[in-house]
Amino acid sequence: MADYLLPLNINGLAGRMLKLPAPKGKNREILFVYGHHTSLERIYGVAELLNKYGAVTVPDLPGFGGMQTFYKIGQQPDLDAMADYLAAFVKLRYRNKRLTIGAYSLGVMIVIRMLQKYPELAKKIDLLASIAGFAHKDDFIFKRRTIWIFRIGTALFSRRLPAAFLKYFIFRKIFIRTTYLFVERFFIKQQHSKIQGTDAEEKRRRIDFEIHLWKCNDPRTYMKIAHEMFTLDLTGKHINLEVYHVSVDADRYFNNTLVEQHMRTIFRDFHLIKADVPSHSPSVIADAKDAAPFIPPALRKVLNAKK
């Protein structure tokens, strides 16, 4: 993976970018936008899989994966700021090119907002794919009381001092490791999906990677954008594109029926593709084989079609 990592400097912020060259005979340009609790290391398996169909670029998002935060330049890391950042990246990197955009979970709402704010960019996109994405706060399957707890909690911890408390006192190796092991021990029947069905060595590896994710993502940005997720409403502004949406029947976060209803009000057309996978996301350290079920055959056929 190190051979394909490049420095990324944009809008005064420094991060990283994963760039995989196109295989012989493929000219599709694919931009992948990752989700909330992730990094380039975690998403590398997905990028490898998509690389079969063209060149793949995955940029860090400000405050995620170790990239500097919007707070460094005096901005709030809200959805509009993320959309502006992604639009700037598209304009810089794909100035005279058409592109395919694939987005996962949080990345989908950022892409939607970008296209609503910059409708001219829709003309550059030859294919838009959503993987376990959403567009409205009501898409979550949580109870109303739980949603309000999340709203209040994320609003609180998106403030400077509470976020610093999280970063320096709560997100420590020993606390994170203990939490995952506690969940496994006392909720065996509903074991945490990220360590479910693993042997001791694999469990240790996955928890180590979870520790890395919690520490490389900026807590204040993480909580601010999570608050945006629980207050989200992207309906009401049309995007002149069709979307290929991959849904997960066993998704522990979203009501797929409501996701479809809301996306149909936004996009010109909606194509539903079901993924035969047991959870919302692939394993913590996913290779191309692990990621394969999240790119079902129907979507691969579309990706493989000549442009």
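Just above, that's the structure.
Parameters and conventions
- Residues numbered from 1 in each chain as written.
- Predicted model: local features only at pLDDT ≥ 70, side-chain atom pairs only at ≥ 80, totals over all residues.
- Heavy atoms only, no water.
- Pairing = 2+ DSSP bridges.
- Helix = DSSP H or I, 4+ residues; strand = E, 2+ residues; numbered from the N terminus.
- Axes fitted to C-alpha atoms, helices over the stretch in contact; angles between N-to-C directions.
- Contact = heavy atoms within 4.5 Å.
- Core = buried A, V, L, I, M, F, W, Y, C linked by side-chain atoms within 4.5 Å.
- Buried < 20%, exposed > 50% of the residue type's maximum accessible area, 1.4 Å probe, protein only.
- Parallel < 35°, antiparallel > 145°, perpendicular 65-115°, else oblique.
- Nonpolar A, V, L, I, M, F, W, Y, C, P; charged D, E, K, R; others polar.

### With respect to the sheet that holds strand 4 (residues 55-59)
Reasoning step 1: Taken in spatial order, the eight strands make up an open sheet running 1-2-4-3-5-6-7-8, and their pairing is mixed. What marks the edges here is a single partner per strand, and that holds for strand 1 (5-10) and strand 8 (267-275). Averaged over all adjacent pairs, the angle separating strand axes in this sheet is 25 degrees, with direction ignored.
Reasoning step 2: Where strand 3 (residues 29-33) and strand 4 come together, three bridges link them in parallel fashion. Its bridge partner lying in strand 4, Ile 30 is registered against Val 56.
Reasoning step 3: Against the sheet, helix 1 (residues 40-50) engages strand 1, strand 2 (13-20), strand 3 and strand 4, with an angle of about 30 degrees to strand 2.

### Points about the nonpolar core
Reasoning step 1: Membership of the largest hydrophobic core comes to 96 residues, with the highest contact counts inside it found for Met 109, Met 114 and Leu 115.
Reasoning step 2: In terms of residue count, the dominant contributor to this core is helix 2 (residues 79-93) (10 residues).
Reasoning step 3: In this structure, Leu 115 is in contact with Leu 121, Ala 122, Ile 125, Leu 128, Ile 239 and Leu 241, ignoring residues within four places of it in sequence.

### Considerations on the packing of helix 2 against helix 3 (residues 106-117)
Two quantities define a packed helix pair, namely the angle between the helix axes and the distance between the axes.
Reasoning step 1: Look at helix 2 against helix 3: their axes get within 8 Å of each other, and the N-to-C directions meet at 75 degrees. Our classification of the angle between helix 2 and helix 3 gives roughly perpendicular. Between helix 2 and helix 3, the contacting residues are Leu 79, Asp 80, Met 82, Ala 83, Asp 84, Leu 86, Ala 87 and Val 90 on the first element and Met 109, Ile 110, Val 111, Arg 113, Met 114 and Lys 117 on the second.
Reasoning step 2: Residues belonging to the contact of helix 2 with helix 3 are distributed by class as follows: 10 nonpolar, no polar and four charged.

### A closer look at the pairing of strand 5 (residues 99-104)
Reasoning step 1: Counted residue by residue, strand 5 has six buried out of six residues, so it is predominantly covered.
Reasoning step 2: The alternating pattern of strand 5 places Leu 99, Ile 101 and Ala 103 on one face and Thr 100, Gly 102 and Tyr 104 on the opposite face, and all of these are buried.
Reasoning step 3: Alignment of strand 3 against strand 5, held across four bridges, turns out to be parallel. Bridge pairing in strand 5 links Ile 30 to Thr 100.

Note that every value here comes from positions in space, so none of it alone points to a role or purpose.
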